[in-house]
Amino acid sequence: MSEEHTPLTVAQSQLKLASKKLGLDSGMHKMLSQPKRSISVSIDIRMDNGTVDVFNGLRVQHWDARGPFKGGIRYYPNITLEEVTALAMLMTWKCAIANIPFGGAKGGICVDSKKLSQHELERLTRRYVSLIVEYLGPHRDIPAPDMYTDAQTMAWIMDTYSQLKGYRIPESATGKPVEIGGSWGRIEATGRGVIHCVKQASVNNGLKLKGASVAIQGFGNVGYQAAVAAQEIGCKVVAVSDSTGGIYCIDGLNIPDVLAHKEKTQTVQGYKDCKNITNEELLELPCDVLIPAALQNQITYKNADKIKARMVAEGANGPTTPEADKILYEKEICLIPDILANSGGVTVSYFEWVQNLTREQWPLEMVNRKLEEKMTKAFNDVEAIVAKEESDMRTGALMLGVGRVANAIKVLGLWP
Ligand code: NAD
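Residues numbered from 1 in each chain as written. Predicted model: local features only at pLDDT ≥ 70, side-chain atom pairs only at ≥ 80, totals over all residues. Heavy atoms only, no water.

Some details on the overall build of the protein
What the protein contains, in helices and strands, is 14 helices and twelve strands. For 416 residues, the compact-globule formula gives about 22 Å, and the C-alpha radius of gyration of the protein, at 20 Å, lands near that figure. Along the first, second and third principal axes, the C-alpha set of the protein runs to 55 × 55 × 45 Å. In the protein, which comprises 416 residues, the proportion classed as buried is 58%. For the protein, contacts bridging at least 24 residues in sequence account for 68% of all contacts bridging at least 6. Just so you have it, the protein exposes about 17,700 Å², and 52% of that area is on carbon and sulfur atoms. Placing the 47 positive and 47 negative side-chain charges of the protein at their respective mean positions leaves the two points 4 Å apart. (Helix = DSSP H or I, 4+ residues; strand = E, 2+ residues; numbered from the N terminus. Rg over C-alpha atoms; globule rule 2.2 N^0.38 Å. Buried < 20%, exposed > 50% of the residue type's maximum accessible area, 1.4 Å probe, protein only. Contact = heavy atoms within 4.5 Å. Areas by Shrake-Rupley, 256 points an atom, 1.4 Å probe, with all protein chains shown as cover. Lys, Arg positive; Asp, Glu negative; His and termini not counted. Charge placed at Lys NZ, Arg CZ, Asp CG, Glu CD.)

Description of the site of the ligand
If you check the shell around the ligand, you find 22 residues, and the closest are R74, T190, N221, V222 and N317. Contact between the ligand and N279: a nitrogen atom at 3.4 Å from a side-chain N or O atom of the residue. One of the side-chain N or O atoms of N317 is found 2.8 Å from an oxygen atom in the ligand. Its free accessible area being 830 Å², the ligand has 89% of it covered by the protein chains. Elements with a contribution of two residues or more to the shell around the ligand: helix 6 (186-205) and helix 7 (221-232). Split by residue class, the shell around the ligand holds nine nonpolar, nine polar and four charged. (Near = heavy atom within 4 Å. Polar contact = N/O pair within 3.5 Å; in protein donor to acceptor, adjacent residues only side chain to side chain. Nonpolar A, V, L, I, M, F, W, Y, C, P; charged D, E, K, R; others polar.)

Quick notes on the domain arrangement of the protein
In terms of domain boundaries, the protein breaks down into domain 1 (1-33), domain 2 (35-170) and domain 3 (189-341). When each unit is reduced to the centre of its C-alpha atoms, the spacing between domain 2 and domain 3 is 28 Å. Tallying the contact residues gives twelve residues for domain 2 and eight residues for domain 3. A buried area of about 790 Å², summed over both sides, lies between domain 2 and domain 3, and 56% of it is on carbon and sulfur atoms. Broken down residue by residue, the surface that domain 2 buries against domain 3 is led by L90, K94 and I97, which jointly contribute 49%. Taken together, domain 2 and domain 3 are joined by zero salt bridges. On inspection of domain 2 and its partner domain 3, the count reaches two residue pairs in polar contact (both at pLDDT 80 or more). A per-element tally of the side of domain 2 that touches domain 3 places helix 3 (residues 81-97) first, with six residues. Taken together, the residues of the side of domain 2 that touches domain 3 sort by class into six nonpolar, no polar and six charged. (Domains from an automatic or database assignment. Buried area = accessible area lost by both parts, 1.4 Å probe. Salt bridge = Lys/Arg side-chain N within 4 Å of Asp/Glu carboxyl O.)

Quick look at the pattern of salt bridges
Taken as a whole and judged by the stated rule, the model has 23 salt bridges. A salt bridge links R126 to E122; the shortest N-O distance between them is 2.9 Å. Of this pair, R126 and E122 are both found in helix 4 (residues 118-132), four residues apart, which corresponds to roughly one turn of the helix. Between D338 and R394 there is a salt bridge, with the nearest N and O atoms lying 3.4 Å from each other. Taken together, the residues D338 in helix 11 (residues 338-341) and R394 in helix 14 (residues 393-412) connect sequence positions 56 residues apart. You'll find D338 and R394 in the same group, each marked buried. Through salt bridges with shared partners, one network takes in R74, E83, K106 and D146.

Looking at helix 12 (residues 344-357)
The end-to-end C-alpha distance of helix 12, which contains 14 residues, comes to 20 Å, matching closely the 20 Å that a straight helix rising 1.5 Å per residue would cover. The buried count for helix 12 comes to twelve of 14 residues, which makes it a mostly enclosed element. Burial in helix 12 covers these residues: G344, G345, V346, T347, V348, S349, Y350, F351, E352, W353, Q355 and N356. Looking at the packing, one finds that the buried side of helix 12 touches strand 3 (69-75), helix 3, strand 5 (141-145), helix 6 and helix 13 (364-389). Backbone geometry just downstream of helix 12 places R359 in the positive-phi region, at approximately 55°. (Expected span 1.5 Å × (residues − 1).)

Comments concerning the pairing of strand 7 (residues 236-242)
The buried fraction of strand 7 is high, at six of seven residues. Looking at chain direction, strand 6 (residues 213-217) and strand 7 are connected through five bridges and run parallel. Bridging from a neighbouring strand, V214 pairs with V237 of strand 7. For the crossover from strand 6 across helix 7 to strand 7, the handedness is right-handed. Across four bridges, strand 7 lies against strand 8 (residues 245-248) in antiparallel orientation. Bridging across to strand 8, D242 finds its partner in G245. Where strand 7 hands over to strand 8, the hairpin turn is made up of two residues, counted between the paired strands. (Pairing = 2+ DSSP bridges. Right-handed = clockwise from strand over helix to strand, strands pointing away.)

Considering the packing of helix 7 against helix 8 (residues 255-265)
Helix 8 packs onto helix 7 with a crossing angle of 155° between their chain directions and a minimal axis gap of 10 Å. When the axes of helix 7 and helix 8 are compared, the pair comes out roughly antiparallel. Within the contact between the two elements, helix 7 uses Y224, A227, V228 and Q231 and helix 8 uses I255, P256 and L259. The class makeup of the residues in the contact of helix 7 with helix 8 is six nonpolar, one polar and no charged. (Axes fitted to C-alpha atoms, helices over the stretch in contact; angles between N-to-C directions. Parallel < 35°, antiparallel > 145°, perpendicular 65-115°, else oblique.)

Considering the sheet that holds strand 8
Strand order in the open sheet made by the seven strands is 9-8-7-6-10-11-12, with mixed pairing throughout. Strands with a single pairing partner mark the edges of an open sheet, and in this sheet they are strand 9 (275-277) and strand 12 (334-336). Averaged over neighbouring strand pairs, the angle between their axes works out to 20° when direction is ignored.

Shown next, in the form of structure tokens:
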């Protein structure tokens, strides 16, 4: 079968499958397949050289039956409303699987952020918030970081929202710097959560984690933190990559040192005693655990058959296409799906929101302990469905997430 998928067609077909398995009626399926609101704005900003440029800003709010909309904001060239809609839908299921009281949203600005100065990025971010401010808020829609946005971006978002409302509202964004209400452990949360899932899966899988080899595509927030967490539990990270390519060393990499090299040279490539490899080669390396932590559509029908890892843990959103899912399942490769594997970030975002609402700051140990408890519970809830349905993990996770949202909608009823 040819693979002409967009992220939205994939998300829609996943919802269709889950709805069918759950026996949802067609009205419920129709409701869940549409976002509640899609916003597209033109962001005009003055560049440092005095000229004016215009960027497209998007925010899609999928469903809020279980709580306020919640989701990251990515800065990336060529993002589309369709892609953001698909990601918003995934967020709805993800929050339900993690069993936190949020709905799903996603946002983005169509921009190559590497080409803008910090001042230009600040003006872009603040103007974007001002254009959608009426749809945001701690009980409406709470942004978080995603690709090419970070704690500084969240500080600008929170500050702009607060300035426009007239008082300080730290709970209006998560993933902020700790100095202004960010949670300890938020930066590490998504990567750590991926490794909690790997730990749980290895129990069922009989994979010995001490000395297990791990390859990670993407060396940003998720990829780097997953690498650190994998090393903490005794795994050997043999390969990492970024947008310029990857590096491989069978004896394992010194991850903080690779980061220092990347900060100095802007690339992981050329790191000492390593072989430079392409991103494609990284995916096909012989290793125990493969963690795609960069972009969507990386494992497709073209390369799925060549994947040699015993386990794939999706740090990124949507890295595996439906055809590739089937191939990996037939090869008996354990795949931990994105909506479960990378839910650690939104889980600690929820902790941050709770801390802000109660004006508390929890110690790191408490955040990490609660994260592990939540991830383990979510993993076991999915596994229970997988065992009952004899399905793959993605189907089990979708059934759990979609089922919880549908139940909330049923209980709320349809007004008027
Ligand atoms: P990031 O911007 O910190 O890092 C992205 C990484 O991907 C960088 O290392 C970049 O060089 C690399 N990359 C970009 N283009 C690439 C290409 N063509 N080939 C290979 N690598 C490429 O972003 P992040 O926050 O780490 O997010 C990574 C993925 O994880 C995204 O899919 C995001 O949606 C998902 N995610 C992030 C979080 C979070 O808390 N940050 C939570 C859940 C899911």
